[in-house]
Amino acid sequence: MSSNFIVSFLVGISGIYLIKYLWTKYLKFGYDNFNNVQKIHTLKSLRVGGIFVIFLIFLTSFLLGVFNQFPMIFLCFIPLIVVTLLEDIFQNISIKIRLVIIFLSSYLLVIYSGSILNDIDIVIVNIILENNVLAIIVTITGIVVTCNAWNFIDGLNGISSGLGGIILIIFSYISQDIFSNGFSEFLEISAAIYISFS
């Protein structure tokens, strides 16, 4: 466990509690409206936890110098961050708009990082993935499907963020040998913040 992880975890724990305290004390919006059938909360629930996490990932990445090494990754997520913020606060962004924004952020991430699925050890699928355009479409679709599947467990008292943190740790470890531009450190910081949130 590196010092980046420990610092990020401590920033995450203290930052999330401080932001949550200030939000609940001074702001009166961003709470669940109890109108959605998929919600499991029976009491007043703060919907803006993702805003806290995103803010702390940006802050910690900047403080630890990772933002300087890997600034473009943050630009890929700006459309998603904006729509998430607006949805959590106002709860009126249509599902179609959110889906388009997830596709846009996924496209930007795939194009910027060059991470394209081109081999899955199934011969017939690998033949399809030899076409670069189809490989990009399959990669983007896989990211979008994963994002939407993740929403099914979002809000279950830390299951989503805890599991996300564990997965990000694994991806951080794997990416050490693949990327040398700060991506692994960004994933490590994100993992620590997510785990501190759960």
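Residues numbered from 1 in each chain as written. Predicted model: local features only at pLDDT ≥ 70, side-chain atom pairs only at ≥ 80, totals over all residues. Heavy atoms only, no water.

It is worth spelling out the overall build of the protein at this point. What the protein contains, in helices and strands, is nine helices and zero strands. Along the protein, from the amino end to the carboxyl end, the secondary structure elements read α-α-α-α-α-α-α-α-α. Relative to its 198 residues, the protein shows a buried fraction of 34%. The contacts in the protein between residues at least 6 apart in sequence include a share of 63% that link residues at least 24 apart. Accessible surface computed for the protein: about 12000 Å², of which carbon and sulfur atoms make up 70%. (Helix = DSSP H or I, 4+ residues; strand = E, 2+ residues; numbered from the N terminus. Buried < 20%, exposed > 50% of the residue type's maximum accessible area, 1.4 Å probe, protein only. Contact = heavy atoms within 4.5 Å. Areas by Shrake-Rupley, 256 points an atom, 1.4 Å probe, with all protein chains shown as cover.)

Remark: helix 5 (residues 95-113) packs on helix 7 (residues 132-150), axes separated minimally by 9 Å, with the N-to-C direction vectors making an angle of 130°. As far as their axial angle goes, helix 7 and helix 5 are oblique. The chirality of how helix 5 crosses helix 7 is right-handed. Contacts between helix 5 and helix 7 involve Leu99, Ile102, Phe103, Ser106, Tyr107, Val110 and Ile111 on the former and, on the latter, Ile136, Thr139, Ile140, Thr141, Ile143, Val144, Cys147 and Asn148. Split by residue class, the contact of helix 5 with helix 7 holds eleven nonpolar, four polar and no charged. (Axes fitted to C-alpha atoms, helices over the stretch in contact; angles between N-to-C directions. Parallel < 35°, antiparallel > 145°, perpendicular 65-115°, else oblique. Left-handed = near helix turned anticlockwise from the far one by under 90°. Nonpolar A, V, L, I, M, F, W, Y, C, P; charged D, E, K, R; others polar.)

Looking now at helix 2 (residues 49-63). The end-to-end C-alpha separation of helix 2 is 21 Å, in line with the 21 Å expected for 15 residues at 1.5 Å each. Those residues of helix 2 that fall on the buried side of the exposure criterion are Gly49, Ile51, Phe52, Val53, Leu56, Ile57, Thr60 and Ser61. Backbone geometry just after helix 2 places Gly65 at a positive phi near 80°. (Expected span 1.5 Å × (residues − 1).)

Turning next to a nonpolar patch on the surface. Among the surface-exposed residues, Met72, Leu75, Ile78, Val82, Leu86, Phe90 and Tyr112 lie close enough to one another that they form a single nonpolar patch of about 600 Å² accessible area. Here Leu75 shows up in helix 4 (residues 71-90). (Patch = residues over 30% accessible without salt bridge, like charges linked within 9 Å, V, L, I, M, F, W, Y side chains within 5 Å. Salt bridge = Lys/Arg side-chain N within 4 Å of Asp/Glu carboxyl O.)

Ile57, Ile73, Phe186 and Ile193 are the most contacted members of the largest nonpolar core, which has 21 residues in total. Only helix 1 (3-26), helix 2, helix 4 and helix 9 (183-197) provide two or more residues apiece to this core. The next biggest cluster of nonpolar side chains, apart from the first, holds five residues, and it includes Val110, Ile136, Ile140 and Val144. (Core = buried A, V, L, I, M, F, W, Y, C linked by side-chain atoms within 4.5 Å.)

It is worth spelling out the packing of helix 1 against helix 2 at this point. With their axes 10 Å apart at the nearest point, helix 1 and helix 2 run at an angle of 135° to one another. With respect to helix 2, the element helix 1 is oriented oblique. The chirality of how helix 1 crosses helix 2 is right-handed. The segment helix 1 lies against helix 2, with Ser8, Val11, Gly12, Gly15, Ile16, Ile19, Lys20 and Trp23 engaging Phe52, Phe55, Leu56 and Thr60. In terms of residue class, the contact of helix 1 with helix 2 is built from seven nonpolar, four polar and one charged.

Attention shifts here to helix 8 (residues 159-175). In this model, helix 8 (17 residues) spans 24 Å end to end at C-alpha, consistent with the 24 Å of a helix rising 1.5 Å per residue. Of all the positions in helix 8, only Ser160, Ser161, Gly162, Gly164, Gly165, Leu168, Ser172 and Ser175 are classed as buried. Packed against the buried residues of helix 8 are helix 7 and helix 9.

Positive phi outside glycine occurs at Asp121, with the angle close to 65°. The topology assignment puts Asp121 in the loop between helix 5 and helix 6 (123-129). Residue Asp121 is classed as exposed on the basis of its relative accessible area of 70%.

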